[in-house]
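Residue-level structure breakdown
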Amino acid sequence: MLVAGVSALIWGVRSAVAAAVFGAMATGIQVAAHRLSARSTNPRSPFPAGWLWGTALRLGGVVAIAVAVVANRQLFPPLPTALGYLGVLVPLLALELRSSR
């Protein structure tokens, strides 16, 4: 919600909606990726299957940004949409890395 609020101050309400939508999507993707990663722990494998699926989910979010921007640029302006996604995903990913140690 912080990213959406900042987007509203800088670019307006329409940008805040785009940032909030993709911020919520980033939260869902990160929760799913964390569950996949926690479910498949193989100590002998340097990259467990859950890590691969989590990375694919996060990359799918980036593709969803491109699709949304191309489909309706008025509703999903590029910069606020990308900042909504990355502004939520990156801190959550850092928290996941800190908690896994």
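Everything discussed here concerns the structure shown above.
Scope of this entry: the structure provided in the associated data block.

About the cut-offs
Residues numbered from 1 in each chain as written. Predicted model: local features only at pLDDT ≥ 70, side-chain atom pairs only at ≥ 80, totals over all residues. Heavy atoms only, no water. Helix = DSSP H or I, 4+ residues; strand = E, 2+ residues; numbered from the N terminus. Contact = heavy atoms within 4.5 Å. Core = buried A, V, L, I, M, F, W, Y, C linked by side-chain atoms within 4.5 Å. Buried < 20%, exposed > 50% of the residue type's maximum accessible area, 1.4 Å probe, protein only. Patch = residues over 30% accessible without salt bridge, like charges linked within 9 Å, V, L, I, M, F, W, Y side chains within 5 Å. Areas by Shrake-Rupley, 256 points an atom, 1.4 Å probe, with all protein chains shown as cover. Salt bridge = Lys/Arg side-chain N within 4 Å of Asp/Glu carboxyl O.

1. Observations regarding the side chain of R58
Tracing the sequence through the fold places R58 in helix α3 (residues 49-71). Ignoring anything within four residues of it in the chain, the contact list for R58 reads I29, Q30, A33, Y85, L89, L93 and E96.

2. So, the nonpolar core
Listed in full, the eleven residues of the largest apolar core are A18, F22, A26, I29, I65, A68, V69, F76, Y85, V88 and L89. Elements represented by at least two residues in this core include exactly α2 (13-39), α3 and α4 (78-99). With four residues, the single largest contributor to this core is α2. Among residues more than four places away in sequence, those in contact with A26 are Y85, V88 and L89.

3. Let's talk about a nonpolar patch on the surface
A cluster of nonpolar side chains, namely L2, V6, L9, I10, W11, L79 and L83, defines an oily patch on the protein surface of about 750 Å² accessible area. Where the nonpolar patch is concerned, the elements lending two or more residues are α1 (2-11) and α4. With respect to the helices and strands, the residue W11 is situated in helix α1. A relative accessible area of 37% means that W11 is categorised as partly exposed.

4. Remarks on the side chain of S7
Note that S7 resides in helix α1. Taking the relative accessible area as the measure of exposure, S7 reaches 2% and is therefore buried. Every residue in contact with S7, bar those within four places of it in the chain, is listed here: G12, S15, A16, A19 and P80.

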